[in-house]
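Fold and contact review
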Amino acid sequence: MSLGAIVGLVALNLWLFVVGVCVLFGLRGWNSWVELGRLSGLAYMCGVGSLGIVWVWQLTFSIGMSLATIFGSGVIVGVAAVLVGLRLGRRLPPRPMLRMPPLRLSLVAALFGGLTAVYLEAQFRAGRLAGLYEFDAWSFWVPKARAIYYFGGLDGQFFQGLAGQSYPPLVPALEAAAFHFMGAADAVTLHLQFWFLLLGFVGAVIGLLAGRVPRLLLWGSLLLVLVTPHVVDYALQPQADFLLDEFFALGALLLAIWLRDRADWALCGATLFLAAAMLTKREGYVLGVCALLAAVVVTRPQARSLWPRLVAAGLVAAALTIPWRVLLVARDLEGGGPEAGGLGLLSHLERAWPSLRLTLSTLFDFHIWLIVVPLLVLAILAGFISGDRQFSGYAALLSILCVAAFTWSTWAFPSLPITKAAAVNPIVRFTGALVLATVWLVPLLLADARRTEAARR
Amino acid sequence: MRGRWAPWLILLTIVLSYPVIVLAGGSPRFPSARECIHPAEGEGELEAVFGRFRDRGAAVAMRDRALAVGFQEIDVEGDGCGFLKVVLHEIPSLAVGRDFAAEARNVGFTVRLERPPR
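Residues numbered from 1 in each chain as written. Chains lettered and ligands numbered in written order. Predicted model: local features only at pLDDT ≥ 70, side-chain atom pairs only at ≥ 80, totals over all residues.

1. Some points on the overall build of chain B
Regarding its fold elements, chain B presents 3 helices and 4 strands. Mapped from its N terminus to its C terminus, chain B presents α and β elements in the order α-β-α-β-β-α-β. Against the 2.2 N^0.38 benchmark of 13 Å for 118 residues, chain B shows a C-alpha radius of gyration of 24 Å, more extended than a compact globule. In terms of overall dimensions, chain B has a C-alpha envelope of 80 × 35 × 20 Å along the principal axes. A total of 118 residues make up chain B; the buried ones form 17% of that total. Put simply, 67% of the contacts in chain B that link residues at least 6 apart link residues at least 24 apart. (Helix = DSSP H or I, 4+ residues; strand = E, 2+ residues; numbered from the N terminus. Rg over C-alpha atoms; globule rule 2.2 N^0.38 Å. Buried ≥ 20, exposed ≤ 12 C-beta atoms within 10 Å, placed from the backbone. Contact = placed C-beta atoms within 7 Å.)

Structural data, given as C-alpha cells:
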C-alpha cells in the first residue's frame, strides 16, 4: 500500500468517469452542467459498464491488456458514444458562467449527505489496508486478475486450472486495469477500487432519484442499505458479487424509469447495465431475466408497442455476452449451467422447500440485512393500496422473481448445502441483488403512495 | 443569505469531522523491523534468520549465497511485517542454534536466532 498506488487508482477511475461521460452523452446528453454533476455517478457507472464489456471482448479476442489498450479502448468507446450522441442531435449546453447562482442544498440533504460521506470515509479507511481474506477473492478472482496483469490475457492453461472457470472476466479485467494504474499487483490497495464502485453506485442512485422522491425517503433508504452488516463487511471485497448487484440494481432502476417516462435512453442504459451484469457473473443472466420479465408482465396492456423494445433490450444484452460463451466452448471450459441439469430440478424436489426457506430466512435475517426486506414488503403493499399499480406490480414481480432465482440457485445445485455459511453457499451474496435494488424501490414506492394519497385529499 | 449557506456549512462540518477525529489519533502505525524480531530464549524450536530485506531480489541473492556455501533448506518468506526474511526453520534447541550460528559466522554470515512467529 502506498500513496502512489492510491493516486493510480484515482487516475483509473477518472478515466472511467471521462469515458462514462461520453457514454452518457450518447445515451441522453444533459441540459445543464448542474444536471451533468447530478448524473456524474451514473456517468461513472456507465464508464465501468461499457469499458468492462469492451475489456471482456478484448480479452476474448486475445488482445492483450496493457495501459495502451486500456486508454485505446476508452478512446474508441468515448468517440463512438459522442458520435452517436451527435448523430441523435445531442448538443452541449452553453458553457457555465463564472458567476453561477449558488447551488441550493436542503437541510435534509446536508445531514444525510454528510452521514453518507462519513460512512464512505470510514469504508475507505477500512479498505485501504484490508487483507485478501475472502475465499473466492484469493482463490480465483484476484489470481485471474494477476494472470491478466502479468500475461496480458487469458492464459489458457492457468484459467483451466482455476475454480469459477465460467465466470466472465469483467471483474478480473477491471482489477488488472487497477494493477496497471497502481504499478503493481497490490491486492491490498485493490480494495479501494471497489470503494470507487460503491461511491459510483451511490452517486448514480442519488442522481437518478433526485427530484423524483422526497429527500428523506431517498437518503433514509440509501443509508439503511449501506449500514446493513453484509454491505459494511463485504462491499469492498475484490470479487464480483457487489459489482453484479450494483449493475443489476441500476439496470432494474433504469427499467423502472423507462416504464414511467418511456424515455428510450433509460431502456438503452438498462440494456448496458444488464449486459454488464451478465458479463460480471453468470448469475447476471438470471437477474437480467427477472428484471426484463417483470417489465414484460406489467406492460401487457401496451404489449404491441413496448414488448418488442423489451425483447430487443434482452437480446442485445445477451448478444454482448456471446463472444465469451463461444470462448468457453472453444476452450472446453465449464459452461456454468445448473449442476442438476435441465430437468434436474424435478429429480431434486426434496430441495425445493428448504431452498425457498433458506432464501426467505436470509432475506429477512436482521443480522445480515437489518429490516430492509420487511420494509420493501410494506412499501409494495403501500404501493398497491394507494400508488401507481404498474410500478407496484413491477416492484412486486421483480421481488418475487428474485426470490425464485435465489431459491433456484440452491435448488439447482445439489452439492450446495442448505446453509447461509458463505464458504459453502453463496445465498447471502446473491440476495444482495434484491437488497441493493431496495435503495430505489422503497423510496419510489412510498413516494408514489404518498403522492396519490395527497391527490385524493 | 445566511440560511442558504447553513446546510453547506453543516455538510462540510460533518464531512470533515471524521478525518479530523481519526487523524487526531495519529496516522496508522506499522510495526518496525525491530518489533518483528523475537530473539530466541529458553528451550523450544527456533529459526535462524540470515537477514531481512525489503527487496525480493536482495533476499534471493542472500539465500543463493547461503546455498552456494553448502547450507540447505534455506527459504525466503514474508515475516508478516512487510519484510522478507532469509530463514532456516526447525532448529531443535538453543544449543544447536548457537553451533549453527558459529558455523555460519565462519563463512561470513551473521545469523540471528529467533522464536518462530506464532
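After that view, the rundown keeps rolling.
2. Describing the overall build of chain A
Summing up its helical and strand segments, chain A has 22 helices and 0 strands in all. Structurally, chain A occupies a C-alpha span of about 65 × 65 × 45 Å along its principal axes. A sequence separation of at least 24 residues applies to 79% of the contacts in chain A between residues at least 6 apart.

3. Notes on the packing of helix α3 (residues 40–60) of chain A against helix α9 (residues 191–209) of chain A
Residues and elements named next belong to chain A. Axis separation between α3 and α9 bottoms out at 6 Å; the angle between their running directions is 130°. Here α3 is positioned oblique relative to α9, judged by the angle of their axes. The two elements α3 and α9 cross, and the hand of that crossing is left-handed. Seen from α3, the contacting residues are Ser-40, Gly-41, Leu-42, Tyr-44, Met-45 and Val-48; seen from α9, they are Leu-197, Gly-200, Phe-201, Val-202, Gly-203, Ala-204, Ile-206, Gly-207 and Leu-208. Tallied by class, residues from the contact of α3 with α9 come to 10 nonpolar, 5 polar and no charged. (Axes fitted to C-alpha atoms, helices over the stretch in contact; angles between N-to-C directions. Parallel < 35°, antiparallel > 145°, perpendicular 65-115°, else oblique. Left-handed = near helix turned anticlockwise from the far one by under 90°. Nonpolar A, V, L, I, M, F, W, Y, C, P; charged D, E, K, R; others polar.)

4. Some thoughts on helix α5 (residues 107–128) of chain A
Between the first and last C-alpha of α5(A) there are 31 Å, a value that for 22 residues agrees with the 32 Å anticipated at 1.5 Å per step. Those residues of α5(A) lying buried are A:Ala109, A:Ala110, A:Phe112, A:Gly113, A:Gly114, A:Thr116, A:Gln123 and A:Gly127. (Expected span 1.5 Å × (residues − 1).)

5. Quick notes on the interface of chain B and chain A
Residue-level contacts link 11 residues of chain B with 17 residues of chain A. Looking at the side of chain B that touches chain A residue by residue, the class counts come to 10 nonpolar, no polar and 1 charged.

6. Things to note about the sheet that holds strand β3 (residues 84–91) of chain B
The strands making up a sheet are joined through hydrogen bonds of the backbone, oriented either antiparallel or parallel. Residues and elements named next belong to chain B. Read from one edge of the open sheet, 4 strands run β2-β3-β1-β4, paired in antiparallel fashion. Edge positions in the sheet fall to β2 (75–78) and β4 (112–114), since each of these pairs with one other strand and no more. For this sheet, the mean inter-axis angle between neighbouring strands, taken without regard to orientation, is 45°. The pairing of strand β1 (residues 46–53) with β4 spans 3 bridges and is classified as antiparallel. Bridged to Ala-48 within β4 is Leu-113. The strands touched by helix α3 (residues 94–106) are β1, β3 and β4; relative to β1, the strand with the most contacts, the crossing angle is about 40°. (Pairing = 2+ DSSP bridges.)

7. Observations regarding unusual backbone geometry
Phi is positive for A:Leu370, which is not a glycine, with a value near 50°. The topology assignment puts A:Leu370 in the loop between α19 (366–369) and α20 (372–386). The class for A:Leu370 is partly exposed, based on 18 C-beta atoms found within 10 Å. Phi at B:Glu73 takes a positive value of approximately 55°, unusual for a residue other than glycine. You can see B:Glu73 is positioned in the loop between α2 (56–68) and β2. In this structure B:Glu73 comes out as exposed when scored by C-beta crowding, with 9 C-beta atoms within 10 Å.

8. Section: the pairing of β2(B)
All names here are of chain B. Here β2 pairs with β3 via 4 bridges, running antiparallel. Counterpart to Gly-78 in the pairing with β3 is Leu-84. Linkage of β2 to β3, two consecutive antiparallel strands, is achieved through a turn of 5 residues, within which Gly-80 is found at a positive phi near 85°.

9. Side note on the confidence of the model for chain B
In the predicted model, chain B carries a mean pLDDT of 87, and the fraction of residues at 70 or more is 93%. In the predicted complex, the global pTM is 0.87; the interface-specific ipTM is 0.76. (pLDDT = per-residue confidence, 0-100.)

10. Side note on the packing of α20(A) against helix α22 (residues 427–456) of chain A
Residues and elements named next belong to chain A. As a packed pair, α20 and α22 sit with axes 8 Å apart at the nearest point and diverge in direction by 30°. Judged by the angle between their axes, α20 and α22 are roughly parallel. The two elements α20 and α22 meet at a crossing, and its hand is left-handed. Residues Val-372, Leu-375, Leu-376, Ala-379, Ile-380, Ala-382, Gly-383, Ile-385 and Ser-386 of α20 form the contact with α22, whose own contacting residues are Val-435, Thr-438, Leu-441, Val-442, Leu-445, Leu-446, Asp-448, Ala-449, Thr-452 and Glu-453. Residue classes in the contact of α20 with α22 are distributed as 13 nonpolar, 4 polar and 2 charged.

11. Concerning the environment of A:Asp241
Looking at where A:Asp241 falls in the secondary structure, it is placed in helix α12 (residues 241–261). In contact with A:Asp241, other than residues within four places in its own chain, are A:Arg429 and A:Gly432.

12. Describing the environment of A:Ser62
Residues and elements named next belong to chain A. For Ser-62, the position within the fold is in the loop between α3 and α4 (67–87). For Ser-62, a count of 10 C-beta atoms within 10 Å translates into the label exposed. C-alpha of Ser-62 to C-alpha of Leu-154: the two residues are 92 residues apart in sequence and 7.4 Å apart in space.

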